[in-house]
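Structure assessment
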Amino acid sequence: MKAGSDATMMLRTPFHARVAAACELNDWGTWKGYTTPRAYTDMELEYFAIRSTAGVFDLSPMNKYRITGPDAQACLNRMVTRDVSRIGVGRVGYTVWCNDAGQVMDDGTLFHLGENDYRLCAFARAIDWLHWCALGFDVSIVDESDEVAALAVQGPTSCATLLAMGLEGLEQLKPFGLTHFSFEGETLMVSRTGFTGDLGYELWIAPRQAELLWDRLFAAGEPYLIKPFGSDALDLARIEAGFLQAGVDFVPAESAVRSGRSRSPFELGLAWLVSMDKPVFNGRRALQREQAQGSRYRFALLDVDGNKPAHHSFILSRGGKVGTVTSAAWCPTAKSNVAFAQLEMPHGAVGEELVAEIYYQRELQWTRVLAPCRVIGSPVFNPPRRRAVPPGAF
Amino acid sequence: MKKYDAIVIGAGHNGLTNAAYLAKSGLSVAVLERNPYIGGATVSRELYPGWTYSNCSYVCSLLRPEIARDLELPRHGLQVVPYGGGVTFKRDGDYYGNYYDHNRQYREVARHSLRDANAYERYATDVRKQTRLIRPYLLRRPPDPTSLKLRDLRDLAGFARSFTELGEEGLADTLRFWTKSVGDYLNEYFESDVIKAHLGGTGVIGTALGVYSPGTAYVLLHHYMGDMDGNVGSWGFARGGMGAVAAALAKSVKAFGGDIICDADVDRIVVRHGKVSGVALKNGNELPAGIVVSNLDPRRTFLDIMDRDDLPAELVHKAGNFKIRGSSGKLNIALDGLPTFNGLDRNNPLMLGDMHFTDSLERLERAYDDWKAGTWSKDPYVDMLIPTQTDPTMAPPGKHMMTVFVQYAPPRINGGEWTDADRAGFEQSVIDQIAAHSPDFKSLILHCETRTPREIEAEVGLTEGNIFQGELTFDQLLFNRPFPGYAQYRGPVPGMYMCGSGTHPGGGVMAAPGANAAREILRDLRLPDVVPGGYADD
Ligand SMILES: Cc1cc2nc3c(=O)[nH]c(=O)nc-3n(C[C@H](O)[C@H](O)[C@H](O)COP(=O)(O)OP(=O)(O)OC[C@H]3O[C@@H](n4cnc5c(N)ncnc54)[C@H](O)[C@@H]3O)c2cc1C
């Protein structure tokens, strides 16, 4: 990249021409230096495309790293908390990775493409950390972020759409499975993954075929009521599905300046991602200590009374502050008022009754509401179609 | 035969809501439905293979979110998807697009009248003031102004307070709003015919009144007072059709242990020793129960399924005079593809919304003249939507379903019964009107279900096919609904209650009458109140 060239300005994804044509609202945001739409035509209609038909999201700016070589599995197994040896070829695993203090640096998805061949998709930039972790391992690490264009196709008619596009046999793909198709001389990788909690797939392709893929997808999807969606709709869907967002629901450990602001996987409700029976992995010793001594915080999903989202609320117990809300939304499909909270231990056990201190403004007047809320054990949205093999037509 | 604590007559959505709350409180409850299927006017059926029609109600906004959430209707399969916007096609080939996005809508109104575009903002604010006033009362029983009971006095004081908050001018506005015609009301704001026609249509939907009849401004408000996820006035589709509302409510009833019995035509509410003792079915069976709740409209409840001897004469008289006039019909159409409309791109979001072809109040009034003359409108007002543009479940991929609500259709034709030939004539007038704006429409029609007040009355049991179980005029609202002295869901006989749209706050797929009635029943039984009140409307 030449100094001072245009390449240092906002970047465009390989789908940009199509995205821009569809983005009637011109409501642009940025993601990792790329221009990406917050909404195309109407945030709510886009959200409902995800929940009722099929929605398409351009996730090309996602950080993607390719890890290959004889020690690829061993290296990743040392880095992440999950047991990578249990993620077979053709499978994808959601995982987190920690620093030595057992604090979550990031979460992401690990694609097992072939024997000792992995792709890691990460929220934060991770090339430097990958190289640290690779010390002493025989692996090659490549930043593929710009070499792979990607679209998420999410929603009840997503499978029908992709079948209509000619992806034969896709209905047999299990959740977190991945498979390959040939597409106009390129390989199209399809994984049954996503960030919406619904039935959905992600399509991965070389940038030069990106526009063609978009066109084929939308042509095939028309009878299945396909629509592009922006980051606002995605955010609502992921809150409804109970998914954490790095940088929102936790501070990536290496970017936390103030002590005590980062969180362990246990404190984020992600204990299920931690394989303590692995002999070594980053942060293991600290996590072992935490298990013995107890965590400082607990992640809680809250069902909040009333219809005012508990944005940035304090959570109270018997009048005292015991935590704060990191994400909140009125969820239109589940018809619930959901909040993600970080609570001080021992608070946050399922069933606990708490109070959210909510502030909202109408016509310049602020109102304070003390809304009762309770800790719930599972996300408010989790439809059977998300797991069904084969999925139904809608 | 099983002895129930309570029997609800009619599995309309209000009967089901009522039963859900009674069952939730631990009562043994049965809902008795005359038809082989549930839902009443909240029903979806497959009458043409592969296509689901919402045979009566077709769009959703009034359904109280508090009830939907409390009864866990989403978990029981209900999803309501907003559609936003609408369009009125003009005879000159142009159209007015009522975009959901405010700035886009401003530009569009300005195309017809710059001044109206700006006036719309004032209009929207004024209507919001009125919805703010009424919304908190949807999930409450109306206070009885003649009662000296503490609870009524307290409710009345609260009612008075929200009115005085409006100030003198606001109060005057409110009274005007509740009594004025929608035509006069809109004339105060707008100059453009098409804007007035687009907005004015909702003032006559479901009522046997014209746009210049006093009281129709309130009917407009009735269509604005709902909300979709907090967006007041916005409307949506129940995924799978409106029958999904009834289906989810039925699951809720069953989850609480209630029974729903179809093909159970109730002949009569049985009264013994001055108290309700059960119901008698048309097939001769009798089901005992100490509480009987009627989901039927007030005419049917008091004149058809109760003995006159059991009722005060004055009540029989009131029921006879209750205004419940048929005014609407409906076409449900299976389409081979998405029709195109003059001047509108098929990807325009306006295609997702409500479509109309009446471009002036004058034409709306002429359509009403036909009703008065005892015939269907030759140039009808339609409220038409194509839900299969956002709902993949109601037609095969690439095919579509169209719902066309039609005003006006009188309960009788020139004093006689509707004949099949009349129905064909009615259908033709609607199809011709649509085809005049859509060149390919006729060639796409695969099947059409046409319902006049005759079919609506026969199948749903709504007297004269009146969609709201009684006119929504001021003399039949709040503490006057259905009649003064009977507005708190209690009938004239101990143990007898009403829970249909004929009670406060009236018609539409709202679930509020059913829930409010349950609250009163639980109160009489001295059981805890498990029925949610309204969310703070702010
Ligand atoms: C054509 C049409 C279009 C409409 N469009 C809309 C719309 O888009 N949006 C909206 O919100 N509202 C709409 N409405 C109004 C709304 O559908 C009704 O107000 C509402 O559904 C009435 O519900 P309910 O439970 O009060 O009564 P009903 O639905 O009338 O239920 C009464 C039930 O009682 C049963 N019954 C009758 N007699 C007996 C008996 N003797 N024994 C046993 N059972 C009996 C009936 O079969 C029926 O199931 C529409 C109505 C119609 C007719």
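Remember, it's a predicted structure, so these values are computed and weren't measured experimentally. Counting starts from 1 at the beginning of each chain's written sequence and moves along it residue by residue. Numbering of ligands from 1 and lettering of chains from A proceed in the order in which they are written. Owing to the predicted nature of the model, reporting of local features is limited to residues with pLDDT of at least 70; listing and counting of side-chain atom pairs is limited to 80 or more, with chain, interface and lining totals taken over all residues. Side-chain numbers here rest on the full set of heavy atoms in the structure, without hydrogens or water.

Now for the overall build of chain A. Scanning chain A from terminus to terminus reveals 8 helices and 19 strands. Radius of gyration (C-alpha) of chain A: 21 Å, near the 21 Å computed for a compact globule of 394 residues. Projected onto its principal axes, the C-alpha positions of chain A cover 65 × 55 × 50 Å. Only protein chains enter the calculation, and the probe is 1.4 Å; a residue is then buried if its accessible area is under 20% of its type maximum, exposed if over 50%, and partly exposed in between. For chain A, the proportion of its 394 residues judged to be buried stands at 56%. Contact definition: two residues touch when any of their heavy atoms are within 4.5 Å. Within chain A, contacts between residues at least 6 apart in sequence are counted, and of these 67% link residues at least 24 apart. For chain A, the exposed area adds up to about 16,700 Å²; of that, 51% sits on carbon and sulfur atoms. For chain A, the separation between the mean place of its 39 positive charges and that of its 44 negative charges on side chains is 5 Å. A helix here means a DSSP run of H or I that spans at least four residues, while a strand means a run of E at least two residues long, and both kinds are numbered starting from the N terminus. Only C-alpha atoms enter the radius of gyration; for comparison, a globular chain is expected to reach 2.2 Å times N to the power 0.38, where N is the number of residues. Each accessible area is a Shrake-Rupley result for a 1.4 Å probe, and residues are judged covered by the shown protein chains and nothing else. Positive charge is attributed to Lys and Arg, negative charge to Asp and Glu, and no charge count is given to His or to the chain ends. In plain terms, the charge of a residue is placed at NZ if it is Lys, CZ if Arg, CG if Asp and CD if Glu.

The next thing to look at is the packing of aromatic side chains. Two aromatic rings, drawn from Phe, Tyr or Trp (for Trp, its six-membered ring), form a pair once their centres lie within 6.5 Å of each other, and the interplanar angle then sorts them: stacked below 30 degrees, edge-to-face above 60, tilted otherwise. What the rule picks out here adds up to 36 aromatic pairs over all chains. Between A:Trp129 and A:Trp132, the aromatic rings sit 6.0 Å apart at their centres with planes inclined by 25°, giving stacked as the arrangement. One end of the pair, A:Trp129, and the other, A:Trp132, are both in helix 4 (residues 127-134), 3 residues apart, so they sit about a helical turn from each other. A:Trp129 gets classed as buried once you look at its relative accessible area, which sits at 14%. For A:Trp132, a relative accessible area of 59% translates into the label exposed. Considering the side-chain rings of B:Phe322 and B:Phe483, the 5.8 Å spacing of their centres and the 85° angle between planes classify their relative orientation as edge-to-face. With a gap of 161 residues between them, B:Phe322 in the loop between helix 12 (313-321) and strand 15 (328-335) and B:Phe483 in the loop between helix 16 (453-460) and strand 20 (496-498) connect regions that are remote in the sequence. Taking relative accessible area as the criterion, B:Phe322 reaches 2% and is therefore assigned buried.

All names here are of chain B. Neighbouring residues of the ligand: 35 residues in total, closest Glu33, Ala41, Val59, Ser501 and Val509. Throughout this description, a polar contact denotes any pair of N or O atoms lying within 3.5 Å of each other; where both atoms belong to protein, one of them has to be capable of donating a hydrogen while the other can accept it, and for residues adjacent in sequence the pair is counted only when both atoms sit in side chains. Within the side chain of Asn14, a nitrogen or oxygen atom sits 2.8 Å from an oxygen atom of the ligand. The side chain of Asn35 places a nitrogen or oxygen atom 3.4 Å from an oxygen atom of the ligand. A total of 1,000 Å² of accessible area belongs to the ligand in isolation, and the protein chains cover 97% of it. Of all the elements in the fold, those that place two or more residues in the shell around the ligand are helix 1 (13-24) and helix 16. Across the shell around the ligand, the residue classes break down as 17 nonpolar, 15 polar and 3 charged. Domain segmentation is taken from an automatic or database assignment of domains. In terms of domain composition, the shell around the ligand takes at least three residues from each of domain 1 (4-42 + 62-80 + 239-323 + 472-524) and domain 2 (82-233 + 324-463). Being near a molecule or strand, for a residue, means having at least one of its heavy atoms within 4 Å of it. Residues were grouped as follows: Ala, Val, Leu, Ile, Met, Phe, Trp, Tyr, Cys and Pro as nonpolar; Asp, Glu, Lys and Arg as charged; and all remaining residues, including Gly, as polar.

The subject of this paragraph is the domain arrangement of chain A. Residues and elements named next belong to chain A. The domains assigned to chain A are domain 1 (16-60 + 148-229) and domain 2 (297-388). The gap between the C-alpha centroids of domain 1 and domain 2 is 31 Å. At the interface, 9 residues of domain 1 touch 8 residues of domain 2. Take the accessible area each of two parts loses on contact, using a 1.4 Å probe, and add the two losses: that sum is the buried area. When domain 1 packs against domain 2, the two sides together hide about 780 Å² of surface, and 49% of this comes from carbon and sulfur. Salt bridge, as applied in this entry: a Lys or Arg side-chain nitrogen positioned within 4 Å of an Asp or Glu carboxyl oxygen. Applying the counting rule to domain 1 against domain 2 returns 1 salt bridge. A salt bridge links Asp198 to Arg385; the shortest N-O distance between them is 2.6 Å. At the boundary of domain 1 with domain 2, the tally comes to 6 residue pairs in polar contact (both at pLDDT 80 or more). Among the residues forming the side of domain 1 that touches domain 2, the class breakdown is 5 nonpolar, 1 polar and 3 charged.

Moving on, we come to the domain arrangement of chain B. Residues and elements named next belong to chain B. When its domains are assigned, chain B resolves into domain 1 (4-42 + 62-80 + 239-323 + 472-524) and domain 2 (82-233 + 324-463). Between the C-alpha centres of domain 1 and domain 2 there is a distance of 27 Å. Counting from both sides, the interface comprises 40 residues of domain 1 and, opposite them, 38 residues of domain 2. Note on domain 1 versus domain 2: buried area summed over both sides is about 3,300 Å², and carbon and sulfur give 61% of it. Across the domain 1-domain 2 interface, the total number found is 4 salt bridges. Across the pair Arg64 and Asp227 runs a salt bridge, and its minimum N-O distance is 3.4 Å. Those elements that place two or more of their residues in the side of domain 1 that touches domain 2 are helix 2 (65-70), helix 11 (298-304) and helix 17 (512-524). The element best represented in the side of domain 1 that touches domain 2 is helix 17, accounting for 6 residues. Its residues placed into classes, the side of domain 1 that touches domain 2 shows 18 nonpolar, 10 polar and 12 charged.

Here we come to the confidence of the model for chain B. Here pLDDT means the predictor's own confidence in every residue, given as a number from 0 to 100. The pLDDT averaged across chain B works out to 95; a share of 100% of its residues lies at or above 70. With pTM at 0.96, the complex prediction returns an ipTM value of 0.93.

To continue, consider the pairing of strand 7 (residues 117-122) of chain A. Residues and elements named next belong to chain A. Of all 6 residues in strand 7, 6 are buried, a share of seventy percent or more. Here strand 7 shows a buried face lined by Asp117, Arg119 and Cys121 and a second buried face lined by Tyr118, Leu120 and Ala122. Note: two strands are recorded as paired if DSSP finds a minimum of 2 bridges between them. In this structure, strand 4 (residues 63-68) lies alongside strand 7, joined through 6 bridges in antiparallel fashion. Bridge pairing links Lys64 to Cys121 in strand 7. Pairing of strand 6 (residues 104-114) with strand 7 involves 6 bridges; the strand directions are antiparallel. Across the sheet, the residue bridging to Leu110 is Leu120, located in strand 7. Between strand 6 and strand 7, which pair antiparallel and follow one another directly, the connecting turn spans 2 residues, one of which, Asn116, has a positive phi of 50°.

So, about the sheet that holds strand 9 (residues 149-154) of chain A. Residue and element names in this part refer to chain A. Spatial ordering of the open sheet is given by 10-11-12-9-3-13, a layout of 6 strands whose pairing is mixed. The sheet terminates laterally at strand 10 (178-183) and strand 13 (226-228), the two strands that pair on one side only. Between one strand and the next, the sheet's axes are offset by a mean angle of 25°, whatever the strand orientation. Alignment of strand 3 (residues 54-58) against strand 9, held across 4 bridges, turns out to be antiparallel. Residue pairing in the sheet places Phe57 in a bridge with Ala152 of strand 9. For helices, the fitted axis covers only the stretch in contact; all axes are lines through C-alpha atoms, and the angles between them, taken along N-to-C directions, range from 0 to 180 degrees.

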